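# Geometric and topological summary
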Amino acid sequence: MPRLSSKYNDSCIKMFEFLKLLTQGPVDFKDVIEIFSDEKTAGKSNPHVTLNKYLNTLKILGLKIKKKQNKYYLLNFPYKISLDTNDIKSLSLIKQASELLPKGKTKKNIDSIIKSIEIRLSESTQAIEKTMSTTENIDYSFIHDEIKDQIKRCEHFCQEHQKLEILYTTIKGEQETIKCSPIEIKYEKRKVCLTVNVQSQSKIVDIPLEQILKIKQLPNATTQQIVSTTIVYKLKNRLAKNYKLRAWERSDGLDSNGNLIVINKNEDQDQLLARLMRYGEECTIESPKFFKEKMLELINQTLENYKN
Amino acid sequence: MKEYFKTNTVTYNLISFTGFKALILFTLLMESPKSYEEVCDFFLNHPHLKEKISIDTFRVYITSLKRVGCEIKRERINKVSKYSIVSQPFELSLSEEQIQSLIKIYKNITKNIDIKDLLLLEKFIEKISSYLKEDNLKKALENNSILKGYNKTIIEDLISYCDNKDQIIMRYNSPNSGEKDIEILTDKLEFNNNKLYLHGTGFEYMEYGTFLVSRILEIKEVKEVRTIPTIKSTKIGYKIENCNLAHIQLDSNEKIIQKTKDYSIVEITSTNDFLTRQKLLSYGPMCKILYPESFQKDFISRLEKMKAGYFDA
């Protein structure tokens, strides 16, 4: 680091030290006054008077500082961020999504990001923020107001790393109880699911929150390792060429016959079956045997609808 | 102070005059590179300052700003030394953990907003990352973006065409027939299985279809006059148990035409039988196709071929 000249301006240093302190959050009066209690001028100048001079200076320059219950708060920044109407809408979207998060690291981080952006907004941006109705032209449907509390509760379970016993309604309309490890909340199109790992059956299950009837937290801690069966399937013809692998899938590319062998792990098995059914005759399951049989059973049951 | 706000006149013993000048200099050097002469001119014309500063005082201010954490760049522009602040202690900065939290929220949101709002959200995050010294946020967004690999200009154009329901000719890289021009009456852009599709009526087969946006190479022409094609639609009826109906989302081209205590009959107005068949296949035994007979026969034949696929080997 280059050596700095020994000549500097004390008032300038004090002004910026004061501002730096304020930008870190609410500051106690005693910490503020300490900056202005100069040993060299002790007895000659009153630190309270000096502080008032600096506060006046900042006010003239447009910086707003509020004192409440012996603490100083900086209400705007000397360094501005300018955003337009669309940016404000996006910021608002993030705020709304953050409301769904339970108390914890992620929520704390997002709230602090929002705060540090908002405090830096330029006057013109603040004016936009005030005048615009933040909900106009934006689709907040993902907020899922009706299951907001349930989302928070499940996010909390995911953070706690304790096993769960869940009673839920399956797609067949039957009630099922599973013992599982919660993994994450998954936001799908128009649906929110709790993704869990059922270790005893080596599978991942995505349970729509609306289908959960009861959750009981068990005293056992979850294991970090996800235990789930690997499914291998083959895609043929046009689909083999066009298929885009999911994040949880891998493949070595097309084989000599132009088929694509896909190795799938960690996908809800019922959802995978429905997805592979969609691909029709251009898809066959290679392994494991039980999953191949499940697919055949599904095809047979569907064909059964058309007998007689 | 009250007097200042009334008269706009500074009472100098009530403010820190030096601190005032330091903050003004900070603001000036943040805006753009300034020479000593330019700073002097500004101070001279400032309503409260009305005086120059010496070059030595100027240097002392520069040193002081450096001491409080400002990084100041000095460069020769048109043979004049100019100073600017390249970084300062009030900059927005995000920790790696905060960036990961922001990406988590981004992922939560993206599944449920339309493509227009998604583009705006990405632009917003890009703008915020432009205020950061490091490019961690930019990189994190690039790696996690649902639009990774897409040409955003093409997407923006397509959004506008879909809004106007424009008829366009696009260059498309078809996996089967290679590059070709396709004329389409645009309808909407939608994500399906993390892939962005353009929906619309293709003129080649006069059928409503979907096209992968990642395969659109360019938009060659926007037709001034739309020629609305007559698309053949098929009414497809299927029966579904009510307990299963609760688990599926009916599309805009579907309606329940009959409901009993146990089951419902849903009718689809289909303009693309391939897409309708895919959808009904995914329902498996939950649904039974009732009509038309040709569609039902084709559906059964597909199921038999699927079954045969497991015995061929």
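In this text, all values refer to a predicted model and were calculated from it rather than measured experimentally. (Residues numbered from 1 in each chain as written. Chains lettered and ligands numbered in written order. Predicted model: local features only at pLDDT ≥ 70, side-chain atom pairs only at ≥ 80, totals over all residues.)

## Examining the overall build of chain B
How we decide: Secondary structure is summarised from DSSP: a helix means a run of H or I of at least four residues, a strand means a run of E of at least two, and numbering begins at the N terminus for each. Both definitions apply: the radius of gyration is a C-alpha atom measure, and the globule rule equals 2.2 Å times residues to the power 0.38. Partly exposed residues are those falling between the two cut-offs: more than 12 but fewer than 20 other C-beta atoms within 10 Å of their own, whereas 20 or more means buried and 12 or fewer means exposed, with C-beta atoms placed from the backbone.
When its secondary structure is counted, chain B shows 11 helices and 11 strands. In terms of C-alpha radius of gyration, chain B reaches 32 Å, well past the compact-globule figure of 20 Å for 313 residues. Each of the three principal axes of chain B carries a C-alpha extent, and together these read 95 × 50 × 45 Å. A total of 313 residues make up chain B; the buried ones form 27% of that total.

## A closer look at the domain arrangement of chain B
Our working rule: Residue ranges for the domains originate in an automatic or database domain assignment.
Assigned domains of chain B: these are domain 1 (2-87), domain 2 (96-144), domain 3 (166-222) and domain 4 (234-308). Here the C-alpha centre of domain 4 of chain B lies 39 Å away from the C-alpha centre of domain 2 of chain B.

## Overview of the interface of chain A and chain B
Inclusion rule: Each residue gets a C-beta atom placed from its backbone, and two residues are in contact if those atoms lie within 7 Å. Gly counts as polar in this scheme, as do all residues outside two lists: the nonpolar Ala, Val, Leu, Ile, Met, Phe, Trp, Tyr, Cys and Pro, and the charged Asp, Glu, Lys and Arg.
In this complex, chain A contributes 74 residues to the contact, which on the side of chain B involves 66 residues. Looking at the side of chain A that touches chain B, the elements with two or more residues in it are helix 1 (10-23), helix 3 (47-60), helix 4 (85-99), helix 5 (105-118), strand 5 (175-188), helix 8 (237-242), helix 9 (269-278) and helix 10 (289-304) of chain A. Grouping the amino acids of the side of chain A that touches chain B by side-chain chemistry returns 32 nonpolar, 21 polar and 21 charged.

## A word on the pairing of strand 1 (residues 71-77) of chain B
All names here are of chain B. The test is simple: DSSP calls a pair of strands paired once it identifies at least 2 bridges connecting them.
The element strand 1 is largely exposed, with a buried count of 0 among its 7 residues. Two elements, strand 1 and strand 2 (residues 80-87), share 7 bridges in a ladder whose sense is antiparallel. By the bridge assignment, arginine 76 is partnered in strand 2 with serine 81. Hairpin connection, strand 1 to strand 2: the antiparallel pair is bridged by 2 residues, and asparagine 78 has positive phi, about 50 degrees.

## Section: the packing of helix 4 of chain A against helix 5 (residues 96-110) of chain B
Operational definition: Between the N-to-C directions of two axes lies an angle of 0 to 180 degrees, each axis being a line fitted to C-alpha atoms and, for a helix, fitted only over the stretch in contact. Between 65 and 115 degrees an angle is taken as roughly perpendicular, under 35 as roughly parallel, over 145 as roughly antiparallel, and anywhere else as oblique.
The geometry of helix 4 of chain A relative to helix 5 of chain B is characterised by a closest axis approach of 10 Å and an angle of 95 degrees between their N-to-C directions. The orientation of helix 4 of chain A with respect to helix 5 of chain B, classified from their angle, is roughly perpendicular. Between helix 4 of chain A and helix 5 of chain B, the residues in contact are Leu93, Ile94, Ala97 and Ser98 of chain A and Ile105, Asn108 and Ile109 of chain B, respectively. Taken together, the residues that form the contact of helix 4 of chain A with helix 5 of chain B break down as 5 nonpolar, 2 polar and no charged.

## Considerations on the packing of helix 1 of chain A against helix 2 (residues 17-31) of chain B
As a reminder of what qualifies: Crossings are assigned a handedness: left-handed for a near helix turned anticlockwise from the far helix by less than a right angle, right-handed for a clockwise turn.
Direction vectors running N to C along helix 1 of chain A and helix 2 of chain B enclose 65 degrees, while the axes themselves pass 8 Å from each other. The angle between the axes of helix 1 of chain A and helix 2 of chain B places the two elements in the roughly perpendicular class. Every pair of crossing elements has a handedness; the one defined by helix 1 of chain A and helix 2 of chain B is right-handed. Here Ser11, Cys12, Lys14 and Met15 of chain A of helix 1 of chain A lie close against helix 2 of chain B, whose contacting residues are Thr18, Gly19, Ala22 and Leu23 of chain B. Grouping the constituent residues of the contact of helix 1 of chain A with helix 2 of chain B by class yields 4 nonpolar, 3 polar and 1 charged.

## A look at the environment of glutamine 100 of chain B
All names here are of chain B. Structurally, glutamine 100 can be placed in helix 5. The partly exposed category is assigned to glutamine 100, around which 16 C-beta atoms lie within 10 Å. For the pair glutamine 100 and isoleucine 240, spaced 140 residues apart in sequence, the C-alpha to C-alpha distance is 43 Å.

## A look at the environment of serine 116 of chain A
Residues and elements named next belong to chain A. Mapping serine 116 onto the fold places it in helix 5. A tally of 16 C-beta atoms within 10 Å means that serine 116 is categorised as partly exposed. A sequence separation of 106 residues divides serine 116 from threonine 222, and the C-alpha atoms of the two residues are 36 Å apart.

## Regarding the sheet that holds strand 1 (residues 27-28) of chain A
Pairing is antiparallel in the open sheet, where 3 strands are placed in the order 1-3-2 (chain A). Looking at which strands have only one partner, the edges of the open sheet turn out to be strand 1 and strand 2 (65-68) of chain A.

## Focus on unusual backbone geometry
The bulk of non-glycine residues show a negative phi, and the bulk of peptide bonds are trans. Of note, the bond from serine 287 of chain A into proline 288 of chain A is cis; its omega dihedral lies within 30 degrees of zero at -5 degrees. Turning to its location among the elements, proline 288 of chain A is positioned in the loop between strand 12 (283-287) and helix 10. Put simply, tyrosine 291 of chain B and proline 292 of chain B share a cis peptide bond, and its omega is -5 degrees. Relative to the helices and strands, proline 292 of chain B is located in the loop between strand 11 (287-291) and helix 11 (293-308). Of note, the phi angle at asparagine 70 of chain A is positive, near 65 degrees, even though the residue is not glycine. Of the residues examined, asparagine 70 of chain A has 11 C-beta atoms within 10 Å and is grouped as exposed. The backbone of asparagine 78 of chain B sits at a positive phi, close to 50 degrees, despite the residue not being glycine. With respect to the helices and strands, the residue asparagine 78 of chain B is situated in the loop between strand 1 and strand 2.

## Considering helix 5 of chain B
The condition that has to hold: For a helix, the expected span equals 1.5 Å multiplied by the residue count minus one.
Look at helix 5 of chain B: 21 Å from first C-alpha to last across 15 residues, which is about the 21 Å you get at 1.5 Å a residue. Its buried side turned inward, helix 5 of chain B meets helix 4, helix 5 and strand 5 of chain A together with helix 6 (115-130) and helix 7 (136-144) of chain B.

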